[in-house]
Amino acid sequence: GQLAEQGVTFRLHLIGSYASRPSAQQILVDAMSSYPALKDRVVEHGRVSDGELENLIASAAICFVLRRDHVAERCSFPTRLVEFLKAGRCVISSNVPDVPHYLTHGGHAILLGQESLEGDADVLKEFFNDPIRTQKLAEAGRKQAEIVFCAKQHTARLIERIASL
């Protein structure tokens, strides 16, 4: 909301079934009433097909992967995170315990929750207003994903380790 009030140009596409939950709907209602400038910038898609998701990712400059700091989230793998990184998109994620194992704030992605909501808004504004910096971060994230999420490399290392036993 702060970004919209500061005149930062963006459109936020909410994808997935989470946005239809009553708790998420209340968050949206509260955000829209607190920040009226958000009204024309938020698009709710709900569940989408794989093709629709690919098109939305392809058209995005930045992708958000927001996760709660909850045992169910910490024990699950952020598959969308990998998809967004592989697509070469700048990723903004919650700084929940598993994500920093893969990505560093400002090195491979933007990890929210570093200091404060206002601090997060300032960081987002910097990236939204600097497409070259955003693209460099996206490229660094894509390269990091190739290293830490490559099934072929992990399989080869596992086979090599088993063979050495």
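All figures in this text were calculated on a predicted structure; none of them were measured in a lab. (Residues numbered from 1 in each chain as written. Predicted model: local features only at pLDDT ≥ 70, side-chain atom pairs only at ≥ 80, totals over all residues. Heavy atoms only, no water.)

Quick look at the confidence of the model for the protein now. Looking at the protein as a whole, its pLDDT mean stands at 82, while 93% of the residues score no less than 70. Confidence, expressed as mean pLDDT per element, reaches its minimum in the protein at helix α1 (residues 2-5) with 68 and its maximum at helix α7 (residues 131-148) with 92. (pLDDT = per-residue confidence, 0-100. Helix = DSSP H or I, 4+ residues; strand = E, 2+ residues; numbered from the N terminus.)

The next subject is the sheet that holds strand β4 (residues 90-94). As a general point, the strands of a sheet are linked pairwise by backbone hydrogen bonds and lie either parallel or antiparallel. The strand order across the open sheet built from three strands is β3-β4-β5, with neighbouring strands paired in parallel fashion. Looking along the sheet, the strands with just one partner apiece sit at the ends: β3 (62-65) and β5 (110-112). Each adjacent strand pair in this sheet contributes to an overall mean axis angle of 20°, direction not counted. Here helix α5 (residues 79-86) sits on the sheet in contact with β3 and β4, set at roughly 170° to β3. (Pairing = 2+ DSSP bridges. Axes fitted to C-alpha atoms, helices over the stretch in contact; angles between N-to-C directions. Contact = heavy atoms within 4.5 Å.)

Per the counting criterion, the structure on display carries four salt bridges. In this structure, R133 and E126 form a salt bridge, with 2.8 Å as the shortest nitrogen-oxygen distance. Each of the salt bridges in this network shares a partner with another, and the network as a whole consists of E139, R142 and E146. (Salt bridge = Lys/Arg side-chain N within 4 Å of Asp/Glu carboxyl O.)

Take the packing of aromatic side chains next. Under the criterion given, the structure shown has one aromatic pair. Note on Y102 and F149: the rings are 5.0 Å apart at their centroids and 50° apart in plane angle, and the pair reads as tilted. Of the two residues, Y102 sits in the loop between β4 and β5 while F149 sits in the loop between α7 and α8 (151-163), which places them 47 residues apart along the sequence. Accessibility expressed as a relative area gives 21% for Y102, which makes it partly exposed. (Phe/Tyr/Trp six-rings, centres within 6.5 Å; stacked < 30°, edge-to-face > 60°. Buried < 20%, exposed > 50% of the residue type's maximum accessible area, 1.4 Å probe, protein only.)

Our focus in this paragraph is α5. Turning to α5, its buried residues number three or more, namely L81, V82, F84 and L85. With its buried residues spanning 165° around the axis, α5 presents them on a single face. Phi turns positive, to about 75°, at G88, one or two residues after α5. (Arc of directions from axis to C-beta.)

Along the polypeptide, P36 turns up in the loop between α2 (22-34) and β2 (42-46). The exposure class assigned to P36 is exposed, which follows from its relative accessible area of 57%.

As for its placement among the helices and strands, T134 is situated in helix α7. Residue contacts for T134: discarding those within four places in its chain leaves A61, I62, C90 and F127.

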